[in-house]
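# Chain and residue survey
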Amino acid sequence: MSVSPALVVDRVVQMGQGATKQQVQIEVLKEAMQTQESAAASLLNSVAGNLPLAGSGPVGTQVNTMA
């Protein structure tokens with residue numbers, strides 16, 4: 001069985017290019033996930049914020065424990 005050196009080199013180059021494409025795709029995915037994480041955290045912080053607790057009145061100051 002004889003294998004052409006040019007064929008071997010071609011296959012090695014193709015494998016290297018495939019690995020490089022996968023690395024680029026993984027890096028793009030990581031960056032997209034970090035962007036989504038940042039956006040989600042920003043959205044949650046803007047919604048939650050510092051909400052004051054109720055100090056008087058019937059809403060938010062009494063708990064019915066006889067459910």
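One can find the structure itself at the top, above this paragraph.
Keep in mind it's a predicted model, so treat the numbers as computed, not measured.

Scanning the entire structure with this criterion turns up 2 salt bridges. Salt-bridge contacts for Glu-27 lead to Lys-30; the nearest nitrogen and oxygen are separated by 4.0 Å. Of this pair, Glu-27 and Lys-30 both sit in helix 1 (residues 5–48), separated by 3 residues, roughly a single helical turn. The class for Glu-27 is partly exposed, based on a relative accessible area of 47%. On the basis of relative accessible area, Lys-30 is assigned to the partly exposed category, the value being 45%.

Between its terminal C-alpha atoms helix 1 stretches 64 Å, which fits the 64 Å expected from 44 residues at 1.5 Å a residue. Little of helix 1 sits inside the fold, with 0 of its 44 residues counted as buried.

Rules and cut-offs
- Residues numbered from 1 in each chain as written.
- Predicted model: local features only at pLDDT ≥ 70, side-chain atom pairs only at ≥ 80, totals over all residues.
- Heavy atoms only, no water.
- Salt bridge = Lys/Arg side-chain N within 4 Å of Asp/Glu carboxyl O.
- Helix = DSSP H or I, 4+ residues; strand = E, 2+ residues; numbered from the N terminus.
- Buried < 20%, exposed > 50% of the residue type's maximum accessible area, 1.4 Å probe, protein only.
- Expected span 1.5 Å × (residues − 1).

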